[in-house]
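# Coordinates in review
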Amino acid sequence: MRQTEIFLSSRVPPFLMASLDANFVVHPREKMPSPEVMSSIRAIVGGGEAKIDKDLMDQLPALEMISICGVGYDGVDVLAAKARGVQVTHTPEVLNDDVADLAIALMLSIGRQVPQSDQFVRANRWVDGGFPLTRKVTGAKLGIVGIGRIGQAIAKRAAAFDMDISYTARSAREGIPYAYVADVVQLAEKVDFLVVITPGGAGTRNLINAQVLKALGPQGYLINVARGSVVEEAALIEALQNKTIAGAALDVYVDEPRVHEALRALPNVVLTPHMASGTTETRKAMSDLCLANLQAHLAGTPLLTPVPECRA
């Protein structure tokens, strides 16, 4: 029986790659197949950074589904997929803990200047005097932009630090025990740490702009574990250079993996390489769910985790 042909639109974890190679005929984007082969491809698989637009889908007349190994899927033209009857899935839930863990790690890192103090010791500067005082995190005011499951997981961890927690979202969420603030500028005005964990896409592009950063103020810190597009990068760089805010800790960027030179040069920034879900355990769980969605579709059984736009 001929194996199903799939198109690999971006890098995926090695666990998933091994399973795909074992069960399907895989055509990577780097080696675009012939039009004849493209006409036989039934599915696209990609990571959360995958760019899957209408032009690509139009080259795949037999396309039936798109399986994303990641919770974010803002690079997928879901409306174009739905218009074709193409199902789109992603891998929510399984990465909540890791993303929340890293958000807290970044908050501690920028507040307590952990990477900077590490470099201070490595450069043997301690012999010339002590490290400058840092920012206490326990008891500080935390604002969360987005209060989905990951946002709630961040809040749960922050509560262990006795933080005063508030959040903003499109509307107040029933059952959430934290203070709701309708406007992101007003939220920034009242907090010490502003953590961004809202979905990416056109609706949140540049949500964190110069006005928000000014409201956060010279004692405030920004942490972004959402998408690079949610923060207006030029405004952030200017705010960091001018000390409009105290610092930032970032896991995501506008043009990753290329990170703006100014961000890399600034001393009041902590940078990580989009690694929030980057543990062996979670990437394995994401890979398993991505594969399970693909197999469910091909078997004609219900999809496990369709994106919200594709739910019945």
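Our structure is the block above this text.
### Brief notes about the environment of Ala246
Position of Ala246 among the secondary structure elements: in the loop between helix 10 (233-241) and strand 11 (247-250). The sequence separation of Ala246 and Phe193 amounts to 53 residues, and the corresponding C-alpha distance is 9.9 Å. Ignoring anything within four residues of it in the chain, the contact list for Ala246 reads Gly217, Pro218, Gln219, Gly220, Tyr221 and Asn268.

### Some points on the packing of aromatic side chains
One pair of aromatic rings is described through two measures. These are the centre distance and the angle between the planes. Enumeration over the complete set of coordinates arrives at three aromatic pairs. Between Phe193 and Tyr221 the ring centres are 5.2 Å apart and the planes differ by 15°, which places this aromatic pair in the stacked class. Of the two residues, Phe193 sits in strand 9 (residues 193-196) while Tyr221 sits in strand 10 (residues 221-224), which places them 28 residues apart along the sequence. Each member of the pair, Phe193 as well as Tyr221, is classed as buried.

### Structural notes on the sheet that holds strand 3 (residues 43-47)
On the basis of which strands lie adjacent, the open sheet formed by five strands has the order 2-1-3-4-5 and parallel pairing. Of all the strands in the sheet, the pair left with one neighbour each is strand 2 (25-28) and strand 5 (87-89). Neighbour-to-neighbour, the strand axes of this sheet turn through a mean angle of 20°, independent of strand direction. Alignment of strand 1 (residues 5-8) against strand 2, held across four bridges, turns out to be parallel. Residue Leu8 lies in a different strand from strand 2, and its bridge partner there is Pro28. Seen against the sheet, helix 12 (residues 280-299) touches strand 3, strand 4 (65-69) and strand 5 and runs at an angle of roughly 170° to strand 4.

### Thoughts on the pairing of strand 1
With burial as the criterion, each face of strand 1 is covered, one bearing Glu5 and Phe7 and the other bearing Ile6 and Leu8. Where the polypeptide runs from strand 1 across helix 1 (residues 14-23) and back to strand 2, its parallel neighbour, the crossover connection is right-handed. Pairing analysis gives three bridges linking strand 1 to strand 3, with the strands arranged parallel. Each bridged residue has a counterpart across the sheet, and for Phe7 the counterpart in strand 3 is Ile44.

### Remarks on the packing of helix 5 (residues 96-111) against helix 6 (residues 114-122)
Angle between the axes and distance between the axes are the two parameters that describe a pair of packed helices. In contact at an axis separation of 6 Å, helix 5 and helix 6 are set at 50° when each is read in the N-to-C sense. Accordingly, the angle class assigned to the pair helix 5 and helix 6 is oblique. Between helix 5 and helix 6, the residues in contact are Leu108, Ser109 and Ile110 and Val114, Pro115 and Gln116, respectively. Split into classes, the residues belonging to the contact of helix 5 with helix 6 amount to four nonpolar, two polar and no charged.

Procedures and definitions
- All residue numbers here refer to positions counted from 1 along the written sequence of the relevant chain.
- With pLDDT at 70 or above as the cut-off, local features in this predicted model cover only qualifying residues; side-chain atom pairs require 80 or more to be listed or tallied, and sums for whole chains, interfaces and linings still use all residues.
- By convention in this description, side-chain values take in all heavy atoms of the structure and omit both hydrogens and water.
- Counting from the N terminus, the helices are the DSSP runs of H or I reaching at least four residues and the strands are the DSSP runs of E reaching at least two.
- Pairs of residues are marked as contacts when any of their non-hydrogen atoms sit within 4.5 Å.
- Working definition: a ring pair exists when centres of Phe, Tyr or Trp rings (six-membered ring for Trp) sit within 6.5 Å. Plane angles under 30 degrees give stacked, over 60 give edge-to-face, the rest tilted.
- Exposure is judged per residue with a 1.4 Å probe applied to protein chains only, and the accessible area is read against the type maximum: over 50% gives exposed, under 20% gives buried, and values in between give partly exposed.
- When DSSP finds two or more bridges between a pair of strands, those strands are recorded as paired.
- Every axis corresponds to a line fitted to the C-alpha atoms, with the helix fit spanning only the stretch in contact, and the corresponding angles, defined between N-to-C directions, vary from 0 to 180 degrees.
- Seen with the strands pointing away from the viewer, any crossover whose path from the first strand over the helix to the second strand runs clockwise is right-handed.
- Note that the term roughly parallel is reserved for angles under 35 degrees, roughly antiparallel for angles over 145, roughly perpendicular for angles of 65 to 115, and oblique for everything else.
- Each residue receives one of three labels: charged for Asp, Glu, Lys and Arg, nonpolar for Ala, Val, Leu, Ile, Met, Phe, Trp, Tyr, Cys and Pro, and polar for the others, Gly being one of them.

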